[in-house]
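Inside the fold
Letter by letter, the chains look like this.
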Amino acid sequence: MPPVTALSIPMTSAPTLAPLTADADPRWQALLSRDASQDGRFVYSVKTTGVYCRPSCPSRLAKPQNVAFHDSCAAAERAGFRACKRCTPNQQGTAQRQAQLVADACRTIEMAEEAPGLEQLADQAGLSPYHFHRVFKAVTGLTPKAYATAHRARRVRDELTRPGATVTTALYDAGFNASSRFYEAAEGMLGMRPGDYRAGGANADIRFAVAQCSLGAILVARSGRGICAITLGDDPDMLVRDLQDRFPKAGLTGDDPEFDALVARVVGFVEAPRLGLDLPLDVRGTAFQQRVWQALRDIPAGETASYAQVAASIGAPKAVRAVAQACANNAIAVAIPCHRVVRTDGALSGYRWGVDRKRTLLARERA
């Protein structure tokens, strides 16, 4: 038997992989667009200059192979880089300073017995009244006066629902120094008389009905002012319980044959949104929410807008998250078309009544 010899297997070197450059990192896009909204979230360093910058730095952009990303200024400095003297990434940016000034002003408004005037707030911020007014509105989406009004409305609601509270104590605790001023503003803030709100909607007459449509169960409710709820879901009983939770002591009337005709109109609108729904709405929300909801109603059927576009349309380009929250709090589906708001890249984001329903509604409007 011939001897066994070892086989000679030629060795091949492993392929050399090219190192990844900065343009393969999602953060590179922020540098290309000089995105100030990313300032404070990360910094980038340039090995040819030995400095690190904030994403919005106006300096000429380095080649991707010379750029590295760091989670913080401290991390960049530990790596041996020094702060850029042009964008000063180790100092607070303009947007951050403005946000802090506005936050301080909001606290002042919330702590004051009487709403402070524009001049007082501007002086506290070290800005002219005109400049402060613009900065405040850009950050919050509201003017200082509107913010004070919204805060007062929230205090009124909180005081009226506090155990043992009376309308009289609520109006003074909320900062009203005269009952006449309180009652003038109360219905706009509460959607009903203060005493009725304190009693959980007592004396408010709300008619409702539940039906079925191609999107599942649908509940339609109407107060004396107009439609106050259009909700969608899979469980009809859950929709009714949600309405009862919103108005625990209101007079809820169901199974009304005369109301069925209105429900049929709403169902028809859901099936064919381009037909429109010419019915009054009882819209209840803060001043900012109502501005957002009106902007949504201005979006034509068959078209969409991003959260950023909606924020810009109401004069509050930085209030994108607040716009998204207002959409989430909308209780009048389809008639206030929050389904027409999408992400900046056109992708569908969350929808109170399910993304599948949102997709279906948009498809119908585009058909």
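Every value quoted in this text rests on a predicted model; they were computed, and no experiment measured them.

**As for the sheet that holds strand β8 (residues 251–253)**
Taken in spatial order, the 4 strands make up an open sheet running β7-β6-β5-β8, and their pairing is mixed. The sheet is open, and its two borders are formed by β7 (227–233) and β8, each paired with just one other strand. Within the sheet, the average angular offset between the axes of one strand and its neighbour, ignoring direction, is 20°. Examined bridge by bridge, strand β6 (residues 216–222) and β7 share 6 bridges and lie antiparallel to one another.

**Details of the packing of helix α4 (residues 118–125) against helix α5 (residues 129–140)**
Packing of α4 against α5 brings their axes to within 9 Å, and their N-to-C directions diverge by 85°. Between α4 and α5, the angle is such that the two are roughly perpendicular. Listed contacts from α5 to Leu 118, Glu 119, Leu 121, Ala 122 and Ala 125 of α4 are Pro 129, Phe 132 and His 133. Among the residues forming the contact of α4 with α5, the class breakdown is 6 nonpolar, 1 polar and 1 charged.

**Thoughts on the sheet that holds strand β2 (residues 51–53)**
Reading across the sheet, the 4 strands line up as β3-β1-β2-β4 and stay open at both edges, with mixed pairing between neighbours. Each having just a single partner strand, β3 (67–70) and β4 (82–83) make up the two edges of the open sheet.

**Section: the environment of Val 263**
Relative to the helices and strands, Val 263 resides in helix α11 (residues 257–271). Residue classification places Val 263 among the buried positions, given a relative accessible area of 5%. Expressed as a C-alpha distance, the spacing of Val 263 and Leu 219, which sit 44 residues apart in the sequence, is 8.3 Å. Among residues more than four places away in sequence, those in contact with Val 263 are Ala 209, Ala 211 and Val 220.

**Examining the UniProt feature "binding site: Zn(2+)" (unreviewed entry) in the chain**
In the numbering adopted here, UniProt assigns the feature "binding site: Zn(2+)" (unreviewed entry) to Cys 53, Cys 57, Cys 84 and Cys 87. Taken along the chain, the residues just named run across 35 residues; in space they keep tight, none of their C-alpha pairs more than 8.7 Å apart. When you line up the elements, Cys 53 lands in strand β2. Excluding its chain neighbours within four sequence positions, the residues that come into contact with Cys 53 are Val 43, Tyr 44, Cys 84, Cys 87 and Pro 89.

**Brief notes about α5**
With 12 residues, α5 should cover 16 Å at 1.5 Å per step; its first-to-last C-alpha distance of 16 Å lies within 8% of that length. Trailing α5 by a residue or two, Gly 141 shows a phi angle of about 85°, which is positive.

**Points about unusual backbone geometry**
One can expect most non-glycine residues to show negative phi and most peptide bonds to be in trans. Of note in this structure, Arg 34 is not a glycine but carries a positive phi near 50°. Among the secondary structure elements, Arg 34 is positioned in the loop between α1 (28–32) and β1 (43–46). At Thr 88, a position not held by glycine, the phi torsion is positive, near 40°. Here Thr 88 lies in the loop between β4 and α3 (94–111).

**What to know about the packing of helix α12 (residues 287–297) against helix α14 (residues 320–328)**
At their nearest, the axes of α12 and α14 sit 9 Å apart, and the two run at 80° to each other. Viewed along their axes, α12 and α14 adopt a mutual orientation that is roughly perpendicular. On α14, the residues touching Phe 288, Gln 289, Val 292, Trp 293 and Leu 296 of α12 are Ala 322, Val 323, Ala 326 and Cys 327. Here the contact of α12 with α14 is composed, by residue class, of 8 nonpolar, 1 polar and no charged.

**Side note on the pattern of salt bridges**
For the coordinates displayed, the defined rule picks out 7 salt bridges. With a shortest N-O distance of 3.0 Å, Asp 25 and Arg 27 are connected by a salt bridge. A residue is classified by how much of its surface remains accessible, and Arg 27, at 26% relative accessible area, is partly exposed. With its nearest N and O atoms 3.5 Å apart, the salt bridge here joins Arg 364 to Glu 271. In this pair, Arg 364 is assigned in helix α15 (residues 355–366) and Glu 271 in helix α11, connecting sequence segments 93 residues apart. Judged by relative accessible area, Arg 364 falls into the partly exposed class, the value being 22%.

**Overview of the packing of aromatic side chains**
If you walk through the whole model with that rule in mind, you get 3 aromatic pairs. When the ring of Phe 42 is compared with that of Phe 69, the centres are 5.6 Å apart and the planes differ by 75°; the resulting orientation is edge-to-face. In this pair, Phe 42 sits in the loop between α1 and β1 while Phe 69 sits in strand β3, placing the two residues 27 residues apart along the sequence. Each member of the pair, Phe 42 together with Phe 69, is buried. Where Tyr 351 meets Trp 353, the ring centres are 5.5 Å apart and the plane angle is 70°; that geometry is what we call edge-to-face. Overall, the relative accessible area of 9% leaves Tyr 351 in the buried class. Taking the relative accessible area as the measure of exposure, Trp 353 reaches 6% and is therefore buried. A cation over a ring is seen here: Arg 27 above Phe 42, with NZ or CZ 5.5 Å from the ring centre.

Criteria and cut-off values
- Residues numbered from 1 in each chain as written.
- Predicted model: local features only at pLDDT ≥ 70, side-chain atom pairs only at ≥ 80, totals over all residues.
- Heavy atoms only, no water.
- Pairing = 2+ DSSP bridges.
- Helix = DSSP H or I, 4+ residues; strand = E, 2+ residues; numbered from the N terminus.
- Axes fitted to C-alpha atoms, helices over the stretch in contact; angles between N-to-C directions.
- Parallel < 35°, antiparallel > 145°, perpendicular 65-115°, else oblique.
- Contact = heavy atoms within 4.5 Å.
- Nonpolar A, V, L, I, M, F, W, Y, C, P; charged D, E, K, R; others polar.
- Buried < 20%, exposed > 50% of the residue type's maximum accessible area, 1.4 Å probe, protein only.
- UniProt positions renumbered as here; feature names shortened; annotations may be inferred.
- Expected span 1.5 Å × (residues − 1).
- Salt bridge = Lys/Arg side-chain N within 4 Å of Asp/Glu carboxyl O.
- Phe/Tyr/Trp six-rings, centres within 6.5 Å; stacked < 30°, edge-to-face > 60°.
- Lys NZ or Arg CZ within 6 Å of the ring centre and 35° of its normal.

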